[in-house]
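# Observations on the model geometry
For reference, the chains in residue letters:
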Amino acid sequence: MIDKKELATWVEEGLAGTDCFLVDVQVSPDNVLTVEIDNEEGVDIDRCVALHRFLESKLNRDVEDYELEVGSAGITSPFKVLGQYKKNIGNEVEVLTKDGRKLTGILKSADADRFVVTVTRKVKSETSKRKVEVEEDIVLGYDEVKYTKYLIRFK
C-alpha cells in the first residue's frame, strides 16, 4: 500500500513554487489515491494535470497498482486547512459548532488557533418597536466546530 505521508510529501514538492496549497490526501485500502488542492483564485485543470503527471513520475505501477485522482477542493465542501479559511476571508460562511449551533456570517479573520465570524442578529430596540440589526463577532477555535463551509446564495 502506498504511504499517505510520502504521497503528501510528493504533493508538497509538486506544488512548490506555485500559489496552490494541499488540502487533503487520502489513500483507500484498494489504492485509490485522492489529492485535493486549492489556491486563492481556484484551481484550473492545467494545474491538476501538471500535479498528476508529477505524481505519476514518483509512483511505480510495476511495484504497486493504483488509481490517482487529483482535483480541487469542492466549493461546497467543508474547510479542512487554514489556507481555505484565509482564502474565504470576507465571504459568507456557514459554521456548525459541536454544541449544535448553526451560524451564518462573514468570515472576518483566521489564524492558526481560531477564526472570527461576524454574524448579524436582530434584537429588540429600547428606542423603537422594530427590531434592529446588530453585528457581533464570534471567535471560534477549530476544535469547537464540526464544519465551516462557503455559503452559496442564489438571489
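All values derive from a computational prediction rather than experimental measurement. (Residues numbered from 1 in each chain as written. Predicted model: local features only at pLDDT ≥ 70, side-chain atom pairs only at ≥ 80, totals over all residues. Heavy atoms only, no water.)

We now examine the overall build of the chain. Within the chain one finds three helices and eight strands. Secondary structure of the chain in N-to-C order comes out as α-β-β-α-β-α-β-β-β-β-β. Taking 155 residues into account, the globule formula puts the C-alpha radius of gyration at 15 Å, and the chain, at 20 Å, lies well above it. When the backbone C-alpha atoms are referred to their principal axes, the chain occupies close to 75 × 30 × 30 Å. When contacts within the chain are restricted to residue pairs at least 6 apart in sequence, those whose partners lie at least 24 apart make up 53%. Carbon and sulfur atoms make up 47% of the accessible area of the chain, which totals about 9900 Å². (Helix = DSSP H or I, 4+ residues; strand = E, 2+ residues; numbered from the N terminus. Rg over C-alpha atoms; globule rule 2.2 N^0.38 Å. Contact = heavy atoms within 4.5 Å. Areas by Shrake-Rupley, 256 points an atom, 1.4 Å probe, with all protein chains shown as cover.)

Read across the open sheet, the three strands follow the order β1-β2-β3; overall the sheet is mixed. Looking along the sheet, the strands with just one partner apiece sit at the ends: β1 (21–27) and β3 (67–72). The sheet shows a mean angle of 15 degrees between the axes of neighbouring strands, direction not considered. Where β1 meets strand β2 (residues 32–38), six bridges bridge the pair, whose relative direction is antiparallel. Residue pairing for β2: D24 is matched across the bridge by E36. Helix α1 (residues 4–15) contacts β1 and β2 of the sheet and is inclined by roughly 150 degrees relative to β1. (Pairing = 2+ DSSP bridges. Axes fitted to C-alpha atoms, helices over the stretch in contact; angles between N-to-C directions.)

What follows covers helix α2 (residues 45–58). Its 14 residues place the ends of α2 20 Å apart at the C-alpha level, agreeing with the 20 Å of an ideal helix rising 1.5 Å per residue. If you check which residues of α2 are buried, you get C48, L51 and L55. Buried residues of α2, viewed axially, fall in a sector of 70 degrees; they line one side. Exposed side of α2, more than 90 degrees from the buried face: I45, D46, R53 and S57 are the residues found there. Elements in contact with the buried residues of α2: α1, β2 and β3. (Expected span 1.5 Å × (residues − 1). Buried < 20%, exposed > 50% of the residue type's maximum accessible area, 1.4 Å probe, protein only. Arc of directions from axis to C-beta.)

This part covers the packing of α1 against α2. Between α1 and α2, the shortest axis-to-axis distance is 10 Å and the interhelical angle comes to 130 degrees. By the criterion of interaxial angle, the relationship of α1 to α2 is oblique. Judged by the twist between their axes, the crossing of α1 over α2 is right-handed. For the pair α1 and α2, contact is made by L7, W10, V11, E13, G14 and L15 and by L51, F54, L55 and K58, respectively. Per-class residue counts for the contact of α1 with α2 are seven nonpolar, one polar and two charged. (Parallel < 35°, antiparallel > 145°, perpendicular 65-115°, else oblique. Left-handed = near helix turned anticlockwise from the far one by under 90°. Nonpolar A, V, L, I, M, F, W, Y, C, P; charged D, E, K, R; others polar.)

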